[in-house]
Amino acid sequence: MYRTHTCGELRLSHEKQQVTLSGWVQRIRNKGFMIWVDLRDRYGITQLIFDEERTDKTVFEQAKTLSREDVIQIQGIVIKREAANANIPTGEVEILVTALTLLNHSELPPFTIEDNTDGGEDLRMKYRYLDIRRTPVRDNLIFRHKVGIMVRNYLSGQGFIEVETPVLIKSTPEGARDFVVPSRMNPGEFYALPQSPQTFKQLLMVGGLDKYFQIVKCFRDEDLRADRQPEFTQIDCEMSFVEQEDVISTFEGLAKHLLKELKGLDFGAFPRMTYAEAMKTYGNDKPDIRFGMKFGELNDLAQHRDFKVFNEAELVVGIAVPGANSYTRKEIDALVEWVKRPQVGASGMVYVKCNEDGSFKSSVDKFYNEDDLKAWAERTGAKAGDLICILSGKANKVRGQLSALRMELAERLGLRNPDEYAPLWVVDFPLLEWSEEEERFFAMHHPFTSPKPEDIPLLDSNPGEVRANAYDLVLNGNEVGGGSIRIFNQELQAKMFQLLGFTPEQAQAQFGFLMNAFKYGAPPHGGLAFGFDRLVALLGGQETIRDFIAFPKNNSGRDVMIDAPSPIDEAQLKELSIQLVN
């Protein structure tokens, strides 16, 4: 056999036992008369010792030829280590090697396989199979597995049934772009990879399965960020005969279970906030509520002087930054430049220093007096020692700009503690959003989201004011889950398609299968999907999902390890009836 034990399990209780280990050479320390080798596998590290006096001469000479990352098998005796290493679980023992077999030689790796490696991200992505040998990456993947098992066990215990839905489906409009797959058997026709199993899980409810879940791959051809990948994983769920409260209660239970089991944290009822309140108070619909800096709207307090910038603004709004009164002029100027970057897009920033003696100093002292500045401080909740940062402009834009500044300042001030968790439900989203560019409504979530029952009459008179029967679960400023009660009535679904600009013929062509299913006794139903990659990353104390995916894509959507996407040859294109246009 290749091993009797793993490299992470031997202890003093195994002393004097004959053991066989296999793994990779992590590190070699050669003192001439004595050689120490750290042997690593998935489970840990064990120190090997080759002693010129106690080790067979042939074995000792073999040890001299070893290189980092060689794959070896050894046999030996467990002995007590003279200088224990308290940093590893096996640190009290070492193996006096009696036999050594080189199973496979390794070339020198392009970066060190250590916790703190010298490899940059691009290099590590190219050699991801080597990066996975490092403890942090390996532990992240094991953690992901652990979370997945917990989710499956919890939902199974709640009566949910895991059902696989198709991967080759029909392309539909709305939402992000589809990845499409040409059909060789049907020339000129294409499948799409699912952005989510949305319509299929609704059909499962029509089929009477009642409670469905799936940990499923989804695909969206969209611009990437640190928390997005072209292929990602969802915990996709649906329930029949439920209202919003039933869905929220069920999946709040799942979130509490994970936080308790993984982080040892107990939570009562998660707080709730309407979409309108989130936008007014934090400038976005997924606020991080681990810290304050709530927005204070200042129009009525700032538009009575001769300061043209504020007077011409649709919204004047500020935040109080705790303890930032100590910022130097250079630091404040750097903040101004930060908000003026294209990624944020503000035209500038006004600031007010709240001094310890109760006085104020601002960048607009020429226009505003102490009473004005005191009123701003009261509105934003600023205290002595704080700094008030104020932006102005078009309401929707300035809220987003101030939200970005709030998050940046929180990061700089160390207010976003990864070991602190603040869950939040955001509810009552708008059902529709108007596109000035295309002069039509789009679904805020998707076309199958039901309006709030009391708002249905507004679909005819004022559709822009209709609220969705939808809800998002936010954790530490990240949306980790979202869902809604669905439309299950054929007439209401047809009206929704009409509002979204579909002709009856287009709606039938794209979604006729679903509308036809509604004719046969569709039950009331609703559901939710968690972003599994993002949830795992946050529970693991991080926000970058790539660190918890075995083989992620880079920011350009490329797999640099296998060099994909890549061209295909002319013969294959011809077989698929595809002709490339230059």
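Rules and cut-offs
- Residues numbered from 1 in each chain as written.
- Predicted model: local features only at pLDDT ≥ 70, side-chain atom pairs only at ≥ 80, totals over all residues.
- Heavy atoms only, no water.
- UniProt positions renumbered as here; feature names shortened; annotations may be inferred.
- Helix = DSSP H or I, 4+ residues; strand = E, 2+ residues; numbered from the N terminus.
- Buried < 20%, exposed > 50% of the residue type's maximum accessible area, 1.4 Å probe, protein only.
- Contact = heavy atoms within 4.5 Å.
- Pairing = 2+ DSSP bridges.
- Polar contact = N/O pair within 3.5 Å; in protein donor to acceptor, adjacent residues only side chain to side chain.

Named according to an unreviewed UniProt entry, the protein chain is Aspartate--tRNA ligase originating from Capnocytophaga ochracea. Within the UniProt record for the protein chain, the comment given under Subcellular location (unreviewed entry) is "Cytoplasm". In its Function (unreviewed entry) section, the UniProt entry covering the protein chain states "Catalyzes the attachment of L-aspartate to tRNA(Asp) in a two-step reaction: L-aspartate is first activated by ATP to form Asp-AMP and then transferred to the acceptor end of tRNA(Asp)."

A.B. asks: I'm lost on the overall build of the protein chain in this one. Help?
C.D. replies: Looking only at helices and strands, the protein chain has 17 helices and 22 strands in total. For the protein chain, the spread of C-alpha atoms along the three principal axes comes to 90 × 75 × 55 Å. Taking all 582 residues of the protein chain together, 49% fall into the buried category. Here the analysis covers contacts within the protein chain between residues at least 6 apart in sequence; of these, 65% occur between residues at least 24 apart.

A.B. asks: What's the story with the pairing of strand β4 (residues 71-80) in this structure? I'm lost.
C.D. replies: Every regular strand shows the same layout, with side chains that alternate between the two sheet faces. In terms of strand pairing, strand β1 (residues 18-30) meets β4 through seven bridges, oriented antiparallel. Following the sheet pairing, Gly 23 is matched in β4 by Ile 72. Taken together, the ten bridges between β4 and strand β5 (residues 93-104) define a ladder with antiparallel strand orientation. The partner of Gln 73 across the bridge, within β5, is Thr 101.

A.B. asks: Where do I start with the side chain of Glu 69 in this structure?
C.D. replies: Along the polypeptide, Glu 69 turns up in the loop between α1 (57-64) and β4. Among the residues examined, Glu 69 registers a relative accessible area of 3% and is labelled buried. Among the polar contacts listed, one links the side chain of Glu 69 to the side chain of Arg 40, at a separation of 2.7 Å.

A.B. asks: Can you walk me through the side chain of Arg 124 in this structure?
C.D. replies: Looking at where Arg 124 falls in the secondary structure, it is placed in helix α2 (residues 121-126). Among the residues examined, Arg 124 registers a relative accessible area of 16% and is labelled buried. Those residues in contact with Arg 124, other than ones at most four positions away along the chain, are Phe 111, Thr 117, Gly 119, Asp 131 and Arg 134.

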